[in-house]
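Read off the chains here:
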Amino acid sequence: MSLAPAATDSESTLQWAVGAPLMVVCIILGAVVLRWIVVRAIDRAVHAMEHRQNPARVSRAGRVLREAAGLDSERRKQRAATMGSILRSISTILIFGIAGLTVMGRLGVPLAPLLASAGVGGVALGFGAQSLVKDFLSGIFMIMEDQYGVGDVIDTGQAIGTVEEVTLRVTRVRDAQGVVWYVRNGEILRVGNKSQGYASIFIDIPIGSDQSVETALQVLRTVVAQVHDRSPWHEKLLEEPVVAGVESMSGGMVTLRVVATSVPNEQYAVAREIREQAKLALDRAGVRGPQLPPYSSPNAT
């Protein structure tokens, strides 16, 4: 009769030894399979974002604007890859974290004190690293919203320059003097992107007040049409520049204005080309610029 309790204890130990490890293995295998399914779904979504096709019929200006806005650029692929990496990391932490807690519960580990300690530690860590968390959250939203990307010229309020690298914590910007600025994402309260959409160009060309305005305007219309039709300016201009007319008159000078729209970061080259061709064409047409008043020496008698 004394062997019955021992036999019962042996059976209970055997059931636990067989059941608990088997359950642990099943939980781990389930977590691995679930992570594989989630990661595969994320990869499919990222692949679809990277290879999204544009409408078949779209104007040249619309196509250039879409490309300039990052919808058809390499930056879109980088953004999709970054978001995919973030989602994979988050899903992995959540799935294996829940699986680990479940395994510990099956093994008889008391979870209440552990969770309480983790909660206190999380609160302390949150207070101590709130700036870091702020930087990471700001970086995630910046990438999701495509506020800027590598190669864009931006104004962060603290630095103005070309973006060289965008991470979840900092943005690296190189200004016109070659200085590299590391700006924390959480400290960027507003950002101006000079490389998205399009760039407007306003070109003022002065002529003498005694010159023929009608002749000058006709010359400028011919110039902008030629510049628009010639490569590589045709690809940089979204539409043919417009000769707006007389902008101002003062001091023996009449200022004529040309308005153009170009792809981002090309406005300076386009403006220089239009000014150069306008100067050459006005000289050939005999249209002179404003005459400076004669210089008189203060010592002259």
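Everything that follows concerns the structure shown earlier in this document.
Here goes a summary of the coordinates provided. Source: prediction; values computed, not measured.

Bringing unusual backbone geometry into the picture now. For the peptide bond that leads from S231 to P232, omega is 5 degrees, which places it in the cis range. Among the secondary structure elements, P232 is positioned in the loop between α6 (213-229) and α7 (233-236).

Attention shifts here to a nonpolar patch on the surface. On the surface, a nonpolar cluster with roughly 390 Å² of combined accessible area is contributed by V133, L137, F141 and M144. Take L137: it is sitting in helix α5 (residues 130-145). Using a relative accessible area of 46% as the deciding quantity, one classes L137 as partly exposed.

To continue, consider helix α8 (residues 267-284). Helix length check: α8, at 18 residues, gives a terminal C-alpha distance of 26 Å against a target of 26 Å (1.5 Å per residue), a fit within 8%. Among the residues of α8, Q267, A269, V270, A271, E273, I274, A278, A281 and L282 are the ones counted as buried. Residues of α8 that are buried make contact with β6 (199-208), α6, α7 and β8 (253-262). One or two steps after α8, the chain reaches G286, where phi turns positive at roughly 80 degrees.

Before going further, it helps to examine the pattern of salt bridges. Enumeration according to the criterion identifies 13 salt bridges in this entry. Salt-bridge contacts for D155 lead to R190; the nearest nitrogen and oxygen are separated by 3.5 Å. Separated by 35 residues along the polypeptide, D155 in strand β1 (residues 153-155) and R190 in the loop between β4 (180-184) and β5 (192-193) bring together distant segments of the chain. Note that D204 and R257 form a salt bridge whose closest N and O atoms lie 2.8 Å from each other. With a gap of 53 residues between them, D204 in strand β6 and R257 in strand β8 connect regions that are remote in the sequence. Shared partners join several salt bridges into a network, and the residues in it are E164, E165, R172 and R174.

Cut-off values and rules
- Sequence order as written defines residue numbering, which begins from 1 separately in each chain.
- Note on the predicted model: pLDDT of at least 70 is required for a residue's local features to be given, and 80 or more for side-chain atom pairs to be given and counted; whole-chain, interface and lining totals, by contrast, use all residues.
- Just so you know, side-chain values use all the structure's heavy atoms and leave hydrogens and water out.
- Secondary structure is summarised from DSSP: a helix means a run of H or I of at least four residues, a strand means a run of E of at least two, and numbering begins at the N terminus for each.
- A patch consists of residues exposed above 30% relative accessible area that lack any salt bridge, with like charges linked at up to 9 Å and nonpolar side chains (Val, Leu, Ile, Met, Phe, Trp, Tyr) linked at up to 5 Å.
- Residue-level accessible areas treat just the shown protein chains as cover; the underlying method is Shrake-Rupley with a 1.4 Å probe.
- Every case where a carboxyl oxygen of Asp or Glu lies within 4 Å of a side-chain nitrogen of Lys or Arg is listed as a salt bridge.
- Any residue under 20% of the maximum accessible area for its type is buried, any over 50% is exposed, and the rest in between are partly exposed; the area is computed with a 1.4 Å probe on protein chains only.
- What a helix should span is 1.5 Å times the count of its residues minus one.
- Any pair of residues with heavy atoms lying within 4.5 Å of one another is described as a contacting pair.

So, to be careful, I would describe these as geometric facts and stop short of saying anything about function.
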